[in-house]
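# Structural overview for review
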Amino acid sequence: MTKKLLFVTTLLLVVAFVAFAADVTGKWTYEGPGRGGNPGRPTTITLKQDGAKLTGSVPAQMGGGRRGGAAADPAAPPPPPPADSEISNGKVDGNKISFEVKRTTPNGDMVTKYEGTLDGDSLKLKITRPAMGGGDPPAPVEVVAKRATT
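Residues numbered from 1 in each chain as written. Predicted model: local features only at pLDDT ≥ 70, side-chain atom pairs only at ≥ 80, totals over all residues. Heavy atoms only, no water.

### Brief notes about the pattern of salt bridges
- For the structure shown, the criterion picks out three salt bridges.
- Between Lys102 and Asp109 there is a salt bridge, with its nearest N and O atoms 3.3 Å apart.
- For Asp109, a relative accessible area of 47% corresponds to the partly exposed category.
- Across the pair Arg147 and Asp121 runs a salt bridge whose closest N-O atoms are separated by 3.0 Å. One end of the pair, Arg147, is in strand β8 (residues 141-147); the other, Asp121, is in the loop between β6 (108-119) and β7 (122-128), with 26 residues separating them in the sequence. (Salt bridge = Lys/Arg side-chain N within 4 Å of Asp/Glu carboxyl O. Buried < 20%, exposed > 50% of the residue type's maximum accessible area, 1.4 Å probe, protein only. Helix = DSSP H or I, 4+ residues; strand = E, 2+ residues; numbered from the N terminus.)

Below is the structure:
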């Protein structure tokens, strides 16, 4: 009888833990630091959790405006924004998440790593970008993303 009671109690605890496990599915918005001390732009990432697997997308990084210099037709519409980048190697472990975003650039493939901790409707993220031009890699950026309500 004691073994059955212990088994049932353990099973109930596991079910309760899974029921209360955090779900990061949704849209999350953060503002990272801007270049040269300028204000940053809001960035909204989309996450979808399926058990311990995490998928989703991160908006593509925007360039520095219209290309083509002075010869560009000022009446021409701006080019379409680049497509969002899909998340790879996404994992959820309790309230911890991690994923990578691979982007193909003229200088080759670059992988940005994201690690985060979920606390209610806040997601504290550490974003580690690759080194540019073969120099020392930039320091990781820490941001706090808020769950979008819409």
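### Section: the packing of aromatic side chains
- Tallied over the entire structure, the rule returns one aromatic pair.
- On the numbers, 4.6 Å between centres and 10° between planes, the contact of Phe99 with Tyr114 is stacked. Linking Phe99 in strand β5 (residues 96-105) with Tyr114 in strand β6, this pair joins segments that are 15 residues apart in sequence. With respect to burial, Phe99 and Tyr114 carry one shared label: buried. (Phe/Tyr/Trp six-rings, centres within 6.5 Å; stacked < 30°, edge-to-face > 60°.)

Read these as layout, nothing more, since geometry by itself doesn't imply function.
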